[in-house]
Amino acid sequence: MDFELTDDQREIQALAREFAQAEIEPNAADWDRAHGFPRELIGRLAELGFTGVCIPEEYGGAGADFLSYILVLEELSRADAGVGVTVAVHTSAVTLPILTFGSDEQRARFVPPLARGEAVGAFALTEPEAGSDAGSLRTSATPNGNGWTISGAKQWITNGGFGGTILLFARTDPETPGAKGVSAFILDGSAVTVTREEEKLGLNSSSTVDLVLEDALADRDRLLGDIFAQSFFNEARVDMRSVIRSDYEINVLRHVRFALYSCVENSLVKRVLCKIDDRISYATH
Ligand SMILES: Cc1cc2nc3c(=O)[nH]c(=O)nc-3n(C[C@H](O)[C@H](O)[C@H](O)COP(=O)(O)OP(=O)(O)OC[C@H]3O[C@@H](n4cnc5c(N)ncnc54)[C@H](O)[C@@H]3O)c2cc1C
């Protein structure tokens, strides 16, 4: 098996690295302190095709493969993991599921604006009482003749305040417990109200909000296929965790290293410190 990157993959990796070093890294500390995502960055990411790296060209994307997309995420996250999360949620949790599970009409209507960065994607599954156990969510979608009326509250929604395209999960079958009674809807940002911006301990340049829906109307064509919600949530989480965990792990290691350097001076501790330094250097270069 050939594990080498292709020329195209190397090229896109170099482009992403150059961009991240020039336009993200120098600003990362300011964005972190400001606790906000710089919206104008979406335009720059879109110009380079990074809002739709692995989306086919016919849907407005750059038409590269999935590994190229991961390489781009890696470079963006190296400069600022909050930017990496923003693009990962937008692509893996919104654009790709619509491309995979949407009807022809839904693909043609919703994917190109996302791939071109004209709309930012948000994925609204988590609720105050439904985190890991996503299937216990309470947001309800009730049939109203023309489609659905949706009411409920969502929590921890990355990009949820950007007014873009929201892939939102609601219970369509109150009689069926768990994920099988849940469906996904493609909503416009105007369907939700942002009630709070989350105060996080890290990834501060990514925006994470609470949302409410009060009798929001969704036409019939807003229902995303007939899907089993948990299956693609699990897939999307793999991409996001690879970004989030690496960031947290490195920050934790840096704090441990600092504490050890500050407090103790002996040869055993120094050997542990060397191991930690090796791990940080391996993970960040
Ligand atoms: C930065 C950030 C961005 C996010 N963005 C989004 C987003 O865009 N959209 C979205 O829908 N959600 C988002 N989330 C929410 C995220 O998906 C949830 O935090 C996650 O699903 C866990 O839910 P919880 O926080 O309620 O934790 P809980 O479910 O309360 O879990 C707390 C801890 O208990 C453990 N645990 C839970 N159940 C069990 C069990 N049965 N057995 C053993 N251990 C268990 C968990 O592993 C975890 O360590 C985001 C979260 C963060 C931190």
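Residues numbered from 1 in each chain as written. Predicted model: local features only at pLDDT ≥ 70, side-chain atom pairs only at ≥ 80, totals over all residues.

**Quick look at the overall build of the protein**
- Per the secondary structure count, the protein includes seven helices and seven strands.
- Counting from the amino terminus, the protein carries its helices and strands in the arrangement α-α-α-α-α-β-β-β-β-β-β-β-α-α.
- Counting only residues that meet the buried cut, the protein has 41% of its 285 residues in that class.
- Pairs at least 24 residues apart make up 71% of the contacts formed inside the protein by residues separated by at least 6 positions. (Helix = DSSP H or I, 4+ residues; strand = E, 2+ residues; numbered from the N terminus. Buried ≥ 20, exposed ≤ 12 C-beta atoms within 10 Å, placed from the backbone. Contact = placed C-beta atoms within 7 Å.)

**As for the packing of helix α4 (residues 81–101) against helix α5 (residues 104–115)**
- Relative to each other, α4 and α5 sit at 155°, their axes nearing to 9 Å. Classified by the angle their axes make, α4 and α5 are roughly antiparallel. Crossing geometry of α4 relative to α5 is assigned as left-handed. Listed contacts from α5 to His90, Val94, Thr95, Ile98 and Leu99 of α4 are Gln106, Arg107, Phe110, Val111, Leu114 and Ala115.
- Here the residues of the contact of α4 with α5 are counted per class, giving seven nonpolar, three polar and one charged. (Axes fitted to C-alpha atoms, helices over the stretch in contact; angles between N-to-C directions. Parallel < 35°, antiparallel > 145°, perpendicular 65-115°, else oblique. Left-handed = near helix turned anticlockwise from the far one by under 90°. Nonpolar A, V, L, I, M, F, W, Y, C, P; charged D, E, K, R; others polar.)

**Some words on the site of the ligand**
- In the neighbourhood of the ligand, 13 residues make up the surrounding shell, with Leu125, Thr126, Gly131, Ser132 and Thr158 lying closest.
- Secondary-structure elements contributing two or more residues to the shell around the ligand are β1 (121–124) and β3 (147–158).
- Among the elements that take part in the shell around the ligand, β3 stands out by supplying three residues, more than any other. (Near = placed C-beta within 6 Å.)

**Regarding the environment of Val72**
- Here Val72 lies in helix α3 (residues 66–79).
- Filtering out sequence-adjacent residues up to four positions away, Val72 remains in contact with Ile12, Ala16, Phe50 and Val53.

**Quick notes on α4**
- Here α4 contains 21 residues, and its C-alpha end-to-end distance of 28 Å stays within 8% of the 30 Å for a straight helix at 1.5 Å per residue.
- Maximal helix bending in α4 amounts to about 30°, located at Ala88.
- Of all 21 residues making up α4, 19 are buried, and the element is well covered by its neighbours. (Expected span 1.5 Å × (residues − 1). Bend = angle between axes of the 7 residues up to and from the residue.)

**Topic: the environment of Leu76**
- Mapped onto the elements, Leu76 comes out in helix α3.
- Between the C-alpha atoms of Leu76 and Phe50, which are 26 residues apart in sequence, the distance is 9.7 Å.
- Sequence-distant contacts of Leu76, that is, excluding residues within four places in its chain, are made with Ala16, Ala20, Ile24, Val83, Gly84 and Val87.

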